[in-house]
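# Structure at a glance
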Amino acid sequence: MKNSPHDASRVVALVPAAGQGVRLGAATPKAFVPVGGSPMLTHAIDGLIASGVVDRIVIMVPAELIERARHLSATAGSSIPVSVVAGGSERIDSVRAGLTAAPEATHVLVHDAARALTPPSLIARVVAELRAGRRAVVPGLPVTDTIKSVDAHGVVTGTPERAGLRAIQTPQGFEAQLLREAYALDLPATDDAGLVERLGAHVHVIPGDPMAFKITTPLDLRLAEALLAERPVAQAVPR
């Protein structure tokens with residue numbers, strides 16, 4: 001896959017896959033838990049490849065699983081380069097390792113392996129926004145439940161208006177230099193966009209997709225299995 005002559009961008013997808021998946025109750029790191037017969041990581045790689053907008057993939061896994069991840073990426077039959085590097089004890093450490101391994105990137109996608117059923121079309125839309133000039137782009141869905149803020153004693157302290165709330169998904173896309181600057185802050189955050197927000201940069205939210213849900217609990221896994229059984233073979237998205 002090559003960029004068009006007028007597009008000198010290099011889009012690198014970073015896939016943190018070092019999480020243990022405690023809430024899933026699995027004996028293996030979550031990214032390696034099978035869904036429909038294949039590990040979540042394989043599905044995530046396949047979706048990135050099928051999007052047709054990624055130039056390279058970097059996977060961050062526990063050091064002892066590097067060879068296993070390399071085998072999985074090789075059997076995926078990738079038409080683009082896939083690298084595997086050691087991740088860290090925390091997600092933020094893994095993403096930092098991925099950034100270090102991708103110095104050529106002009107744009108970066110950070111995509112959770114646990115969002116294994118993410119449609120390639122959603123990935124393509126995030127990249128299209130980046131190429132149109134957005135510096136930070138995240139997909140999100142409207143919140144349907146009523147959300148309460150509570151204190152340490154479980155007492156409600158507020159009810160935010162849900163019309164202005166979004167449940168954020170991945171891939172989260174960034175101008176590479178912006179994300180590097182955000183990680184240089186070395187501050188805690190629950191997602192990469194949160195770090196970018198600390199710099200004062202605008203993060204643009206585009207419509208997400210229900211299929212990009214995160215497989216976190218046994219119920220999520222059962223849902224993914226059921227959906228995957230009905231899912232047609234992914235088709236590449238034209239660039």
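Residues numbered from 1 in each chain as written. Predicted model: local features only at pLDDT ≥ 70, side-chain atom pairs only at ≥ 80, totals over all residues. Heavy atoms only, no water.

A separate point is the packing of helix α3 (residues 91–100) against helix α5 (residues 176–184). Contact geometry of α3 with α5 gives a least axis separation of 11 Å together with a crossing angle of 135 degrees. Here α5 runs oblique to α3, going by the angle between their axes. Seen along the crossing, α3 lies across α5 with a hand that is left-handed. Across from Ile92, Val95, Arg96 and Leu99 in α3, the residues of α5 making contact are Leu179, Arg180 and Tyr183. Taken together, the residues that form the contact of α3 with α5 break down as 5 nonpolar, no polar and 2 charged. (Axes fitted to C-alpha atoms, helices over the stretch in contact; angles between N-to-C directions. Helix = DSSP H or I, 4+ residues; strand = E, 2+ residues; numbered from the N terminus. Parallel < 35°, antiparallel > 145°, perpendicular 65-115°, else oblique. Left-handed = near helix turned anticlockwise from the far one by under 90°. Contact = heavy atoms within 4.5 Å. Nonpolar A, V, L, I, M, F, W, Y, C, P; charged D, E, K, R; others polar.)

Residues threonine 170 and proline 171 are joined by a peptide bond in cis, for which omega reads 10 degrees. Notably, aspartate 186 is not glycine yet its phi reads approximately 55 degrees, a positive angle. Tracing the sequence through the fold places aspartate 186 in the loop between α5 and α6 (192–198). The exposed category is assigned to aspartate 186, whose relative accessible area is 57%. (Buried < 20%, exposed > 50% of the residue type's maximum accessible area, 1.4 Å probe, protein only.)

Here the focus is the pattern of salt bridges. Any two side chains of opposite charge can pair, on the condition that their charged atoms come close. Taken as a whole and assessed by the stated rule, the structure comprises 10 salt bridges. For aspartate 55, the salt bridge identified is with arginine 10, shortest N-O distance 4.0 Å. Placement of the pair is aspartate 55 in the loop between α1 (40–51) and β4 (56–61) and arginine 10 in the segment before β1 (11–16), with a sequence separation of 45 residues. Residue arginine 10 is classed as partly exposed on the basis of its relative accessible area, which comes to 31%. Of the charged contacts in the structure, one is a salt bridge between glutamate 67 and arginine 70, with a shortest N-O distance of 2.8 Å. Taken together, the residues glutamate 67 and arginine 70, both in helix α2 (residues 66–75) and 3 residues apart, mark about one turn of the helix. (Salt bridge = Lys/Arg side-chain N within 4 Å of Asp/Glu carboxyl O.)

The next subject is helix α7 (residues 218–230). The terminal C-alpha atoms of α7 lie 19 Å apart, and with 13 residues this matches the ideal 18 Å at 1.5 Å per residue to within 8%. Of all the positions in α7, only Asp220, Leu221, Ala224 and Leu228 are classed as buried. Summarising the axial view, the buried residues of α7 lie within an arc of 95 degrees, below the 170-degree limit, and thus occupy one face. Across from the buried face of α7, at angles greater than 90 degrees, the exposed residues are Leu219, Arg222, Ala229 and Glu230. Tucked into the core, α7 has its buried residues touching β2 (34–35) and α1. (Expected span 1.5 Å × (residues − 1). Arc of directions from axis to C-beta.)

It is worth spelling out the UniProt feature "site: Positions MEP for the nucleophilic attack" (unreviewed entry) in the protein chain at this point. Mapped onto this structure's residue numbering, the UniProt feature "site: Positions MEP for the nucleophilic attack" (unreviewed entry) falls at Arg162 and Lys214. Mapped onto the elements of the fold, arginine 162 is located in the loop between β9 (156–158) and β10 (166–168). The contacts of arginine 162, once residues within four sequence positions are left out, are Val143, Thr144, Asp145 and Thr146. Take lysine 214: it is sitting in the loop between β12 (204–207) and α7. Those residues within four positions of lysine 214 in sequence are excluded, and the remaining contacts are Lys30, Asp112, Ala114, Arg115 and Asp220. (UniProt positions renumbered as here; feature names shortened; annotations may be inferred.)

Okay, a nonpolar patch on the surface next. On the surface, a cluster of nonpolar side chains totalling about 200 Å² of accessible area is made up of Leu185, Leu187 and Leu199. Tracing the sequence through the fold places leucine 185 in the loop between α5 and α6. By relative accessible area, leucine 185 is classed as partly exposed at 34%. (Patch = residues over 30% accessible without salt bridge, like charges linked within 9 Å, V, L, I, M, F, W, Y side chains within 5 Å. Areas by Shrake-Rupley, 256 points an atom, 1.4 Å probe, with all protein chains shown as cover.)

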